[in-house]
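These are the residues of each chain, in order.
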Amino acid sequence: MDIATVNTLPYEDFVNTFGNVVEKCPIVTAAVWSRRPFVSFTDLEAAISEFIDALPESGKEGILRCHPDLAGRDLQSGTLTRESQQEQAGAGMDALSSEETSRMARLNREYKERFGFPFVICARMSDKAGILRHLSERCRNERAAERARGIEEVKKICRLRLQSLLLSDAPNKL
């Protein structure tokens, strides 16, 4: 889909198409629809980032809370969004050993208890070893720093999801 087509999409089609570029947060794309016309992919991405950046800290934490635990119950039960399922599988989260699964569950629980929102990382830019390492390291961060880091990861995920929708030769790396 090219940017000219994006700019002609009615509101409902725009939200249906782009509503999950930020995990389970169609309100983000609903809000940026009125900023059309977008001159480029980068302009659309910037509009989404600016909307997120303008949110109060509680809104940013709300966006983080919409993300599932990596290798968590949603993956096990098959209730992830299509995008999250593909991203987690691509990073090997669906093929953890029992030891890795236990470690991931423990770290996810510790992280959520410490910060009040789930650990977010762009799985398409990592693998299971890297994800486990980052989760362990980031559990030691301060809340404000971790909120900011999580939002930066959300933006990476958003960018890759937008690329998948708009660019036919979208790479998996930024």
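It should be noted that the structure appears before, not after, this text.
Residues numbered from 1 in each chain as written. Predicted model: local features only at pLDDT ≥ 70, side-chain atom pairs only at ≥ 80, totals over all residues. Heavy atoms only, no water.

## Description of the pattern of salt bridges
Test applied: Note on definitions: salt bridges are taken to be side-chain nitrogens of Lys or Arg within 4 Å of carboxyl oxygens of Asp or Glu. Helix and strand assignments come from DSSP, with helices taken as H or I runs of at least 4 residues and strands as E runs of at least 2, each series counted from the N terminus. Only protein chains enter the accessibility calculation, which uses a 1.4 Å probe; a residue is then buried when its area is under 20% of its type maximum, exposed when over 50%, and partly exposed in between.
One pass over the structure, following the stated rule, counts 19 salt bridges. With its nearest N and O atoms 2.5 Å apart, the salt bridge here joins Asp 53 to Lys 155. Highlighted residues: Asp 53 in helix α4 (residues 41–54) and Lys 155 in helix α10 (residues 143–166), separated in sequence by 102 residues. Given a relative accessible area of 40%, Asp 53 falls into the partly exposed group. On the basis of relative accessibility, which here comes to 14%, the residue Lys 155 falls in the buried class. Three or more residues joined by partner-sharing salt bridges are found here, namely Glu 57, Lys 60, Glu 61, Arg 65, Arg 143 and Arg 147.

## Re the environment of Arg 147
Heads up, the condition is: Contacts are residue-level and defined by heavy atoms, with any inter-residue pair within 4.5 Å sufficient.
Secondary-structure assignment places Arg 147 in helix α10. A relative accessible area of 12% places Arg 147 in the buried class. Along the primary structure Arg 147 and Lys 60 are separated by 87 residues, whereas in three dimensions their C-alpha atoms are 7.5 Å apart. Look past the residues within four positions of Arg 147 in its chain and what remains in contact with it is Glu 57, Lys 60, Glu 61, Leu 64 and Phe 117.

## Section: the layout of surface pockets
We count it as follows: Cavities and pockets are found on a 1 Å grid laid over the protein atoms alone: a cavity is a set of points where a 1.4 Å probe fits but cannot escape, a pocket is an open set with protein on both sides within 12 Å along at least five of seven lines, and a lining residue has an atom within 4 Å of such a point. Grid points are joined across faces, edges and corners, and a volume is the space filled by probe spheres set on the points. Three residue categories are used. Nonpolar comprises Ala, Val, Leu, Ile, Met, Phe, Trp, Tyr, Cys and Pro, charged comprises Asp, Glu, Lys and Arg, and polar comprises the others, including Gly.
Put simply, the largest pocket is a space of about 220 Å³. Residue lining of the largest pocket: Thr 17, Asn 20, Val 21, Arg 82, Glu 83, Gln 86, Glu 87, Arg 124, Arg 161, Ser 164 and Leu 165, and that is the complete set. Looking at the lining of the largest pocket, the elements with two or more residues in it are α7 (82–90) and α10. No other element matches the four residues that α7 contributes to the lining of the largest pocket. For the lining of the largest pocket, a count of residues per class yields two nonpolar, four polar and five charged. In this structure, the second largest pocket occupies an estimated 160 Å³ of space. Taken together, Lys 24, Arg 65, Cys 66, His 67, Pro 68, Asp 69, Gly 72, Arg 73, Asp 74, Lys 112 and Pro 118 form the lining of the second largest pocket. Looking at the lining of the second largest pocket residue by residue, the class counts come to three nonpolar, two polar and six charged.

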